[in-house]
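# Remarks on the overall topology
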Amino acid sequence: MGRSRSSSSNRWRYINPAYYLKRPKRLALLFMLFVCATLLVWDRQTLVREHQEEVSKLNEEVMHLQNSLEELKNTQDVQSKKFNFNSKSSDATRRNDASDDPVAIQRRERVKNAMIHAWSSYEKYAWGHDELQPQTKNGIDSFGGLGATLIDSLDTLYIMGLDEQFQRAREWVANSLDFNKNYDASVFETTIRVVGGLLSAYDLSGDKVFLEKAQDIADRLLPAWDTPTGIPYNVINLAHGNPHNPGWTGGDSILADSGTEQLEFIALSQRTGNPKYQQKVENVILELNKTFPVDGLLPIYINPQRGTTSYSTITFGAMGDSFYEYLLKVWIQGNKTASVKHYREMWETSMKGLLSLVKRTTPSSFAYICEKTGNSLTDKMDELACFAPGMLALGSSGYAPDESQKFLTLAEELAWTCYNFYQSTPTKLAGENYFFNSGQDMSVGTSWNILRPETVESLFYLWRLTGNKTFQEWGWNIFEAFEKNSRIDSGYVGLKDVNTGVKDNMMQSFFLAETLKYLYLLFSPSSVISLDEWVFNTEAHPIKIKTRQDIIVKSGGHGLHEPDIRSRARKEGRFGDD
Ligand code: DMJ
């Protein structure tokens, strides 16, 4: 017992400081042991910390590499999609591919940046609304609240490879787009922007949601064609129908508003297998063809009950323009086949009429297209009519060589005039229309500029079809003038006056749909949306050219019946589900 008590008290003496004070060597040893242990712990902690830092650096590196890989894949996807846009370019377009030079690459990046600025401003201040008012930073529903800018931008975003923006827009279309609006919509504006924008997004992405939405809105517009002649009323309530014409036309339908739905509705029939859309719009052209004048020029007002024209202006500008454009483009969309021959014939007739309206200024001999009322010509041309050089260039290849060259030369001359609409003002932006007085060349009439696309549209076609780089230079100068005068922190605005540069408060949806798209394509290889495989609607939405199907356009006709079309389409695997 005594021994065990003394051994336990011996053990406790090691923690008594007095023990060490009497034995300094042991104290030193203990101190050294303590220092070593501390160093060991510190060293391990440092190692762990360094290790963790190393691991997180490696993680970052992995993420970075993964992102790069993803980006590379996306670029390759976009490139391959783009190159799928064109597997068989014509000679003229192949010639341009070789000239995708560094300047062009840099310029299209600048245009893409402009699109990013316009789009992100819309996203920030006007998301889901029709258009952005950049000065007051709010949205405005000029088309009934259908997200017009968003839908108009879908294909531009896609073509430019702005995939995240495209996806966000796609989600809005899928989840928030609602057409059941108690709103009197313009059949024309809704067709070219919304039906056209959705169909183009469908053709580019293959995403069915766009086709379903296009069909939904087209079904709401369709009763507008239920008139005795088939010439549509131009306004319809999206929720309740009740088609009618605006009061200010005196009950008449407008030429451009009635003859600019063919591309979209034919495309919709081709993609849904339902011929009703195509039938309605093709009837309009057959009806107009019954009494088509020898010069192919129709006044802007037509009576939808009788099919007769009213005494009114003939113009390639406002309210006439895209009727002539679609005669040519439906022929192209229809693979230039026998079933669309009458479109080409009507277009060629109208082009003879156009030649009769062309005059030249003094002293500089600028060619311009007059307007005509009754038998008298007015020396006035809208900037809107500046789509005509592009149309003439596009249609020129359908003529015999001499005639073709004649129209191409006229197209180039008219494009020079339109370019000078821009160059002749202090801001280098064009006014809305021009007058031509003897000895004075051109002078601005209505002096606003609302970011319109027609001139750059024509420059795009001329560049594609001739390969002449001058058209790129002109387009670049116009782009720089937009950058200088129209770009503000919260988007792009028009000008109230091209002489003073005073700004308005509207970013038109066609600026993103058309102006920026045509400028981007002006500096892109011709394989991006090849003109051999795509046709642009009048709002610059590319629609894929499909094999033309003949259908009955009047009851008792000799085309295919609806079930025939559907079954043939299904066999070919071209149409989506009904
Ligand atoms: C667009 O909506 C279309 O290009 C239409 O054909 C004419 N007006 C505008 C652009 O200026």
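Numbers given to residues run from 1 along each chain, matching the order in which its sequence is written. In keeping with the model being predicted, local features are shown solely for residues with a pLDDT of at least 70 and side-chain atom pairs are shown and tallied solely at 80 or more, while totals for entire chains, interfaces and linings include all residues. Excluding hydrogens and water, the side-chain figures rest on all heavy atoms present in the structure.

### Quick notes on a nonpolar patch on the surface
Think of a patch as exposed residues, more than 30% relative accessible area, with no salt bridge, where like charges cluster within 9 Å and nonpolar side chains (Val, Leu, Ile, Met, Phe, Trp, Tyr) cluster within 5 Å. In short, Shrake-Rupley with a 1.4 Å probe defines the accessible areas, and a residue's cover is counted only from the protein chains shown. A pairing counts as a salt bridge when a side-chain nitrogen of Lys or Arg comes within 4 Å of a carboxyl oxygen of Asp or Glu. Together, Phe 31, Met 32, Phe 34, Val 35 and Leu 39 make up an exposed nonpolar region whose accessible area comes to about 550 Å². Buried, partly exposed and exposed residues are distinguished by accessible area as a fraction of the type maximum, computed with a 1.4 Å probe on protein chains only: under 20%, between the cut-offs, and over 50%, respectively. Accessibility expressed as a relative area gives 32% for Val 35, which makes it partly exposed.

### Examining the UniProt feature "active site" (unreviewed entry) in the protein chain
Under the UniProt annotation, "active site" (unreviewed entry) lies at Glu 189, Asp 321, Glu 432 and Glu 454. Only DSSP runs of H or I with at least four residues qualify as helices, and only runs of E with at least two residues qualify as strands; both kinds are numbered from the N terminus onward. You can see Glu 189 is positioned in helix H8 (residues 187–205). Contacts are assigned to residue pairs that have any heavy atoms within 4.5 Å of one another. Ignoring anything within four residues of it in the chain, the contact list for Glu 189 reads Phe 143 and Val 194. Checked against the element boundaries, Glu 454 lands in helix H17 (residues 454–466). Apart from residues lying up to four places away in sequence, Glu 454 is in contact with Glu 383, Leu 384, Cys 386 and Phe 387. UniProt positions are given in the numbering used here, feature names are shortened, and annotations may be inferred rather than shown by experiment.

### Digging into the sheet that holds strand E4 (residues 235–237)
Two strands pair under a simple rule: DSSP has to find at least two bridges between them. Within the open sheet, the 3 strands sit side by side as E3-E4-E5. Their pairing is antiparallel. What marks the edges here is a single partner per strand, and that holds for strand E3 (184–186) and strand E5 (241–244). Ignoring which end each strand starts from, the neighbouring axes of this sheet average 25° apart. With 2 bridges connecting them, E4 and E5 associate as antiparallel partners. Bridge assignment links Asn 237 to a residue of E5, and that residue is Gly 241. Only the stretch in contact is used when a helix axis is fitted, and all axes are lines through C-alpha atoms; the angle between N-to-C directions ranges over 0 to 180 degrees. The sheet strands contacting H8 are E3 and E4, and the helix crosses E3 at an angle near 65°.

### Observations regarding the state of the cysteines
Only a pair of cysteine sulfur atoms within 2.5 Å counts as a disulfide in this structure description. Scanning the entire structure with this criterion turns up 1 disulfide. Here Cys 386 pairs with Cys 418 through a disulfide, and the sulfurs are 2.1 Å apart. The S-S bond linking Cys 386 to Cys 418 shows a torsion near -90°; that makes this disulfide left-handed. Of this pair, Cys 386 sits in the loop between strand E12 (380–382) and helix H15 (388–396) while Cys 418 sits in helix H16 (residues 401–423), and the two are 32 residues apart along the sequence. Assigned by exposure class, Cys 386 and Cys 418 land together as buried.

### Notes on the packing of helix H9 (residues 208–221) against helix H11 (residues 262–272)
For the pair H9 and H11, the least separation of the axes is 11 Å and the interaxial angle reads 125°. The orientation of H9 with respect to H11, classified from their angle, is oblique. The way H9 lies across H11 gives a crossing that is left-handed. Where H9 approaches H11, its residues Leu 211, Ala 214, Gln 215, Ala 218 and Leu 221 are matched on the opposing element by Phe 265, Leu 268, Arg 271 and Thr 272. For this classification, under 35 degrees means roughly parallel, over 145 means roughly antiparallel, 65 to 115 means roughly perpendicular, and everything else is oblique. Handedness of a crossing follows from how the near helix is turned relative to the far one, being left-handed for an anticlockwise turn of less than a right angle and right-handed for a clockwise one.

### Details of H11
Burial within H11 is extensive, with 11 of its 11 residues counted as buried. Every buried residue of H11 is accounted for by Gln 262, Leu 263, Glu 264, Phe 265, Ile 266, Ala 267, Leu 268, Ser 269, Gln 270, Arg 271 and Thr 272.

### Things to note about the site of the ligand
Close to the ligand lie Ile 192, Arg 193, Leu 384, Arg 452, Pro 453, Glu 454, Phe 510, Glu 514, Thr 538 and Glu 539. Any pair of nitrogen or oxygen atoms within 3.5 Å is treated as a polar contact; in protein, a donor-acceptor pairing is required on top of that, and neighbouring residues in sequence qualify only through side-chain atoms on both sides. A distance of 2.6 Å separates an oxygen atom of the ligand from a polar side-chain atom of Glu 454. At a separation of 2.7 Å, an oxygen atom of the ligand approaches a polar side-chain atom of Thr 538. Of the residues contributing to the shell around the ligand, the split by class is 4 nonpolar, 1 polar and 5 charged. Nearness is judged by heavy atoms alone; a residue qualifies as near a molecule or strand once a single heavy atom is within 4 Å of it. Polar here means any residue other than Ala, Val, Leu, Ile, Met, Phe, Trp, Tyr, Cys and Pro, which are nonpolar, and Asp, Glu, Lys and Arg, which are charged; Gly is therefore polar.

### Looking at the nonpolar core
By size, the foremost hydrophobic cluster in this structure holds 147 residues, and its most contacted members are Phe 316, Met 351 and Phe 421. Phe 421 has contacts with Met 381, Asp 382, Glu 383, Cys 386, Leu 429, Ala 430, Gly 431, Tyr 434, Phe 436 and Met 442, leaving out every residue within four places of it along the chain. Only buried residues count toward a nonpolar core, which is a set of Ala, Val, Leu, Ile, Met, Phe, Trp, Tyr and Cys residues joined through side-chain atoms within 4.5 Å.

### Re the pattern of salt bridges
Between side chains of opposite charge, a pair can form as their charged atoms come close. All chains considered together, the criterion is met by 25 salt bridges. Linking Lys 290 and Glu 287 is a salt bridge whose minimum nitrogen-to-oxygen distance equals 2.9 Å. With Lys 290 and Glu 287 both in helix H12 (residues 276–290) and 3 residues apart, this pair spans about one turn of that helix. A relative accessible area of 13% means that Glu 287 is categorised as buried. Through salt bridges that share partners, Arg 170, Glu 171 and Asp 207 make up one connected network.

### Considerations on the packing of aromatic side chains
Geometry of aromatic contacts follows a simple scheme: Phe, Tyr and Trp rings, the Trp one being its six-membered ring, pair when their centres are within 6.5 Å, and the pair is stacked under 30 degrees between planes, edge-to-face over 60, tilted otherwise. Tallied over the entire structure, the rule returns 30 aromatic pairs. With centroids separated by 4.0 Å and ring planes inclined at 5°, the aromatic side chains of Phe 421 and Tyr 434 adopt a geometry described as stacked. Remark: Tyr 434 occurs in strand E13 (residues 433–435) and Phe 421 occurs in helix H16; sequence separation between them is 13 residues. Considered together, Phe 421 and Tyr 434 belong to a single accessibility category, that of buried residues. Ring geometry for Tyr 461 against Phe 536: centres 6.5 Å apart, planes inclined by 90°, an arrangement best described as edge-to-face. Here Phe 536 lies in strand E17 (residues 534–536) and Tyr 461 lies in helix H17, a separation of 75 residues in the sequence.

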